[in-house]
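Examination of the molecular architecture
For reference, the chains in residue letters:
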Amino acid sequence: MKRYYNKENIFSKIIDGKLETEKIYENTYVLCIQDLFPRSPLHVLILPKKKYIDIYDFSVSASIEEKEQIFLAFKILIEKFELIDKGNRIITNSGRDGRQEIPHLHFHLLAGKDIGKMTS
C-alpha cells in the first residue's frame, strides 16, 4: 500500500517557514522546537526537516546523514538541558495504534520531572 505525505500538517508548515515557533536547535536536517502543549516541564519536539510520515518511513527512506543528525540533535539537547545524570524520555508515536496525531515524524524529549511508567 502506497502512503502519501500530507504537506498541510502543522510541522510541514513550520519547517517551510509558513508558521512561527520557538526554535531550540536547528541544523541542515533537523529542527527542534518547544511543544505548544507540554506534557512535562521540558517538552521538546525533534523534527527531521525532510518530509517523513513516521519512523518506518524514515527508517527506509532517510539517508545515513539524516539518521546521524537526529541522534546528534538528541545529544545536543541532552547536554544543553543538562539531562545526562537526571534523565529523560525520547519517544515517537506511529500510526493509529501508536496514537500519532500529526503525520510528520517527530520525537518528544520529555524531562524535568519523573516521567512515570511507559504504560498503565
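Below, the structure is looked at part by part. (Residues numbered from 1 in each chain as written. Predicted model: local features only at pLDDT ≥ 70, side-chain atom pairs only at ≥ 80, totals over all residues. Heavy atoms only, no water.)

1. Some details on the environment of Tyr25
Mapped onto the elements, Tyr25 comes out in strand β1 (residues 23-26). Given a relative accessible area of 18%, Tyr25 falls into the buried group. Distance from Tyr25 to Ile76, taken between C-alpha atoms, is 8.4 Å for residues 51 residues apart in sequence. Those residues in contact with Tyr25, other than ones at most four positions away along the chain, are Val30, Leu31, Cys32, Leu72, Ala73, Ile76 and Leu77. Polar contacts involving the side chain of Tyr25 include one to the side chain of Asn27, which spans 3.1 Å. (Helix = DSSP H or I, 4+ residues; strand = E, 2+ residues; numbered from the N terminus. Buried < 20%, exposed > 50% of the residue type's maximum accessible area, 1.4 Å probe, protein only. Contact = heavy atoms within 4.5 Å. Polar contact = N/O pair within 3.5 Å; in protein donor to acceptor, adjacent residues only side chain to side chain.)

2. Considering the pattern of salt bridges
Applying the stated criterion to the full structure yields seven salt bridges. Note that Lys13 and Glu8 form a salt bridge whose closest N and O atoms lie 3.7 Å from each other. Assessed through its relative accessible area of 49%, Glu8 is described here as partly exposed. With a closest N to O distance of 2.7 Å, Glu26 and Lys49 form a salt bridge. Of this pair, Glu26 sits in strand β1 while Lys49 sits in the loop between β3 (42-48) and α2 (55-61), and the two are 23 residues apart along the sequence. By sharing partners, the salt bridges in this structure join Lys23, Glu26 and Lys49 into a single network. (Salt bridge = Lys/Arg side-chain N within 4 Å of Asp/Glu carboxyl O.)

3. Let's talk about the nonpolar core
Grouped together as the largest cluster of nonpolar side chains are 20 residues, with contacts concentrated most on Cys32, Val44, Ile46, Ile70, Leu77 and Leu109. Contributions of two or more residues to this core are made by β1, β2 (30-34), β3, α3 (64-80) and β5 (107-111). Counting residues per element, this core draws most heavily on α3, at five residues. The residues contacting Ile70, other than those within four sequence positions of it, are Val30, Ile46, Pro48, Phe58 and Phe107. Phe11, Ile14, Leu31 and Leu45 belong to the second-largest nonpolar core, a separate cluster that totals seven residues. (Core = buried A, V, L, I, M, F, W, Y, C linked by side-chain atoms within 4.5 Å.)

4. Points about the packing of aromatic side chains
Taken as a whole and judged by the stated rule, the model has three aromatic pairs. Centre to centre, the rings of Tyr52 and Phe58 are 5.2 Å apart; their planes meet at 85°, and the pair counts as edge-to-face. According to the relative accessible area criterion, Tyr52 is buried, its value standing at 3%. Arranged with centres 5.3 Å apart and planes meeting at 70°, the rings of Phe71 and Phe74 form a pair that is edge-to-face. With Phe71 and Phe74 both in helix α3 and three residues apart, this pair spans about one turn of that helix. Against the face of Phe81 rests Lys80, its NZ or CZ located 5.8 Å from the ring centre. (Phe/Tyr/Trp six-rings, centres within 6.5 Å; stacked < 30°, edge-to-face > 60°. Lys NZ or Arg CZ within 6 Å of the ring centre and 35° of its normal.)

5. Regarding unusual backbone geometry
Unlike most non-glycine residues, Glu82 shows phi in positive territory, near 55°. Its location among the elements puts Glu82 in the loop between α3 and β4 (89-91). The exposure class assigned to Glu82 is exposed, which follows from its relative accessible area of 59%. For Arg99, which is not glycine, the phi dihedral falls at a positive 60°. For Arg99, the position within the fold is in the loop between β4 and β5.

In short, shape yes, function no, at least from these values alone.
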